[in-house]
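Observations on chain architecture
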Amino acid sequence: MLLLLLAVIGAVLAGAAPASAHAALTGSDPQQGAVVSRAPTQVSLTFSEKVAMSDGSVRVLDPQGKRVDTGKATDLGGTTYGVKLHSGLPNGTFTVTYQVVSADSHPVSGAFTFSVGAPSQTSVALSDPAVGGGVVGALYGVGRYVSYAGFILLVGGAAFVLACWQRGAGVRPVQRLVVSGWLALTGATLALLLLRGSYVGSGKVGDIFDLTLLGQVLQTKAGAALVSRLLLLAAGALFIAVLFGAYARRDEADVTDEGGASGRSDESDKGDGSDKSGVDADADAAKRDLTFGLAIGGTVVAAGLAASWAMAEHASTGIQAGLAMPVDVLHLLAVAVWLGGLSALLVALFRAPNETQIDAVAVRRFSRLAFGSVTVLAATGIYQSWRQVGSWSALTGTWYGQLLLIKIGLVAVLVGIAWISRRWTAQLSEAPQVKAMATAGAKAGATAGAKAGATAGATALTELRTKQPTKVPAHSRDSSSGGSDSRDSDSRNANSESSNSGDSRRAAQLARQQAAVDTARQKRLRDADPARTGLRRSVLAEAGVAVVLLAVTTVLTSTEPGRTEEAAQQATSSSSQRSGPLSLKLPFDTGGQDGKGTAEVTLDPARVGGNEMHVFVKRPNGKAFDVPEVKVAFTLKAKKIGPLPVTPDHIATGHWSAIGVQIPMAGDWEIAVTVRTSDIDQTTVTKNAKIG
């Protein structure tokens, strides 16, 4: 089962590399594929969100592959960044490469070209390795998964102990679970801190331990989040020490006092009853105060750990970031309480000793706690989904949306299994008291039998050890037979020691066999309750689905949100349509004699600012059509601009032209062409096109 789950995790994480960028290039000047008449003085790039840049983040290469930029990128305002170019650039195709870090801490890279004068015959060939991929990217993905898992086990396990099963503070398997979560989160955070510089940079394994890169990482938002997480984990270590130290010992002392009190005589109880009641009240008050303090301190540490993700990832960028970050903290805490508590319950059901088996009251408490966590999870998840997806098309047409649908399906399966667990919990809580007492009696009998067997074995071993020396007869000692008697005595002592050694091994073997029998008997008694057995199976199934759900969530957090991906696709589509001259063919029919034909409009370069327009009018047979008049108008209905009339000059038969046609802004423009074929016959035909 464990190997299967690990295989699923590996397959999902393998599909996550390289990590998807969360900021997209939405525009540039010059634009991708553009041909400009004069060399620009700078190149600017516009992204969908704020990005972090360093010297060399943007490089501009000439047709021979030499850098022609100054190397220092500047913030031009908003989400636009630029880099200056050297003067005297030659004609040809230039390549622009960029590698930046988005505001949600994920690396972004890409490249595009533009040409000066005319495209060159050869352009720069780039290997363009996928940023965030390779061995370093895979290690970074594993580290992210382990950090999420450690956070869930640490926070959820501690919450389970404090809110549901306080006796669990003294149960070793539960202690190991929570401590393992702390160790996993701490180790993964340190690993991510070391990997970060290479992950967003070169991607080389050798750069993992580069102290210069580590220093640069510490100055970034992601580095600050990781360092703050380590500081909070130091406070978490103190919390764990108190929870499993003083708090667990206090609970054990309470149990011991209850057992001792039940065995005292009635006279003793009558004599100091008032004193004991006062001491018990003080102990209960002290325990309540300690529980309250641990709950407050643990909540602060847990919220701080969750905030270390919220302040550096999806929630920190985009729309409504001020609201999204606290919502993300609640979302992470709800996940941890639910899945981490589920893991603690699984350990308690399968690994807790028989004398400290979890009771039905604790299971019912966790059932209510899990229901509240799922409610918070659903509410915060709906908000986050709307914020990151934004439309139905992005939900079904982007990789982020598809992963989100998979996650929703897994959550639905998990809730369905949890409903089955609640049914088993109800049956467990409705079990008759007599059955519980009978089970307890059987356990007590088994324990007593084990003790009796152990006592009998010890007695037999003692007798075997003391029996041999009594068989040795007394001999008279004289000088003439001293040597012979000494040799006989040594032989008898050796035989006695050999016999004692064999008896010791036999007694140890019998003790092990008796312990195995007792363990099997106790397991049969523990599994005799069908409700508890059913609960174990359903909780195990929940844990299996939760492991896969966590893997999908890890991939989801490293995937470009659907809203951003859709906006980038639209920007890329518009850019591809706007690159180069625009050409439209508009058939017309004025209704009169010889009134049919086609008007072909070309606009170059079809960008914001001045453009050169040509109109060619042709007859149905393709020959030039010399009509009396042609007029053109541009309208941007989305912004209520226009119509902007343009009257072209008649250049030749069937050819009209206008220079300096101004397009004030980019958008989906309506182009209306009016053609007059006689004094009374004219018509207007329209077609939309993206300009700018």
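Placed above this text is the structure.
In this report, the structure presented in the accompanying data block is examined. Keep in mind it's a predicted model, so treat the numbers as computed, not measured.

**Here's the deal with the pairing of strand β18 (residues 682–691)**
Relative to β18, strand β17 (residues 667–676) is paired through 10 bridges, and the arrangement is antiparallel. Across the sheet, residue Val673 finds its bridge partner in β18, namely Val685. Taking the residues between adjacent antiparallel strands as the criterion, β17 and β18 are bridged by five residues.

**Digging into the sheet that holds β17**
Across the sheet, which stays open at both edges, the four strands sit in the order β14-β13-β17-β18 with antiparallel pairing between neighbours. Each end of this open sheet is capped by a strand with a single partner; those strands are β14 (641–646) and β18. The sheet shows a mean angle of 20° between the axes of neighbouring strands, direction not considered.

**Quick notes on the packing of helix α3 (residues 172–199) against helix α7 (residues 321–351)**
It is the contact of α3 with α7, at a shortest axis distance of 9 Å, that shows an interaxial angle of 150°. With respect to α7, the axis of α3 lies roughly antiparallel. In this structure, α3 crosses over α7, and the sense of that crossing is right-handed. Together, Pro173, Val174 and Leu177 of α3 and Ser343, Ala344, Val347 and Arg351 of α7 make up the contact between the two elements.

**What to know about the sheet that holds strand β7 (residues 80–85)**
Here four strands make up an open sheet; going across it, the order is β1-β3-β7-β6 and the pairing antiparallel. Of all strands in the sheet, those with a lone pairing partner are β1 (25–29) and β6 (69–77), marking the two edges. Neighbouring strand axes in the sheet, compared pairwise and without regard to direction, differ in orientation by 20° on average.

**Brief notes about the packing of aromatic side chains**
Scanning all chains against the criterion turns up nine aromatic pairs. Summarising the aromatic geometry, the rings of Tyr148 and Trp309 are spaced 5.2 Å apart at their centres and angled 15° between planes, so their arrangement reads as stacked. Taken together, the positions of Tyr148 in helix α2 (residues 134–163) and Trp309 in helix α6 (residues 266–310) put the pair 161 residues apart, joining distant regions of the chain. Accessibility expressed as a relative area gives 4% for Trp309, which makes it buried. For the ring pair Phe588 and Phe625, a centre distance of 6.5 Å and an interplane angle of 25° mean the geometry is stacked. Residue Phe588 is found in strand β10 (residues 582–589), and its partner Phe625 is found in the loop between β12 (609–618) and β13 (629–636); the two are separated by 37 residues along the sequence. Phe625 carries the same exposure label as Phe588, and that label is buried. Within the aromatic cluster, the residues linked to one another by ring pairs are Phe47, Tyr81 and Tyr98. The cationic tip of Arg229 hangs over the ring face of Trp309; the distance from NZ or CZ to the ring centre is 3.9 Å. Over the ring of Phe625 we find Arg619, and its NZ or CZ is 4.1 Å from the ring centre.

**Quick notes on the side chain of Ser44**
As for its placement among the helices and strands, Ser44 is situated in strand β3 (residues 42–47). Discounting chain neighbours no more than four positions away, the residues touching Ser44 are Gly27, Ser28, Asp29, Leu76, Thr80, Tyr81 and Gly82.

**A closer look at the environment of Ala283**
For Ala283, the position within the fold is in helix α6. Given a relative accessible area of 24%, Ala283 falls into the partly exposed group. For the pair Ala283 and Arg250, spaced 33 residues apart in the sequence, the C-alpha separation amounts to 8.6 Å.

Parameters and conventions
Residues numbered from 1 in each chain as written. Predicted model: local features only at pLDDT ≥ 70, side-chain atom pairs only at ≥ 80, totals over all residues. Heavy atoms only, no water. Pairing = 2+ DSSP bridges. Helix = DSSP H or I, 4+ residues; strand = E, 2+ residues; numbered from the N terminus. Axes fitted to C-alpha atoms, helices over the stretch in contact; angles between N-to-C directions. Parallel < 35°, antiparallel > 145°, perpendicular 65-115°, else oblique. Left-handed = near helix turned anticlockwise from the far one by under 90°. Contact = heavy atoms within 4.5 Å. Phe/Tyr/Trp six-rings, centres within 6.5 Å; stacked < 30°, edge-to-face > 60°. Buried < 20%, exposed > 50% of the residue type's maximum accessible area, 1.4 Å probe, protein only. Lys NZ or Arg CZ within 6 Å of the ring centre and 35° of its normal.

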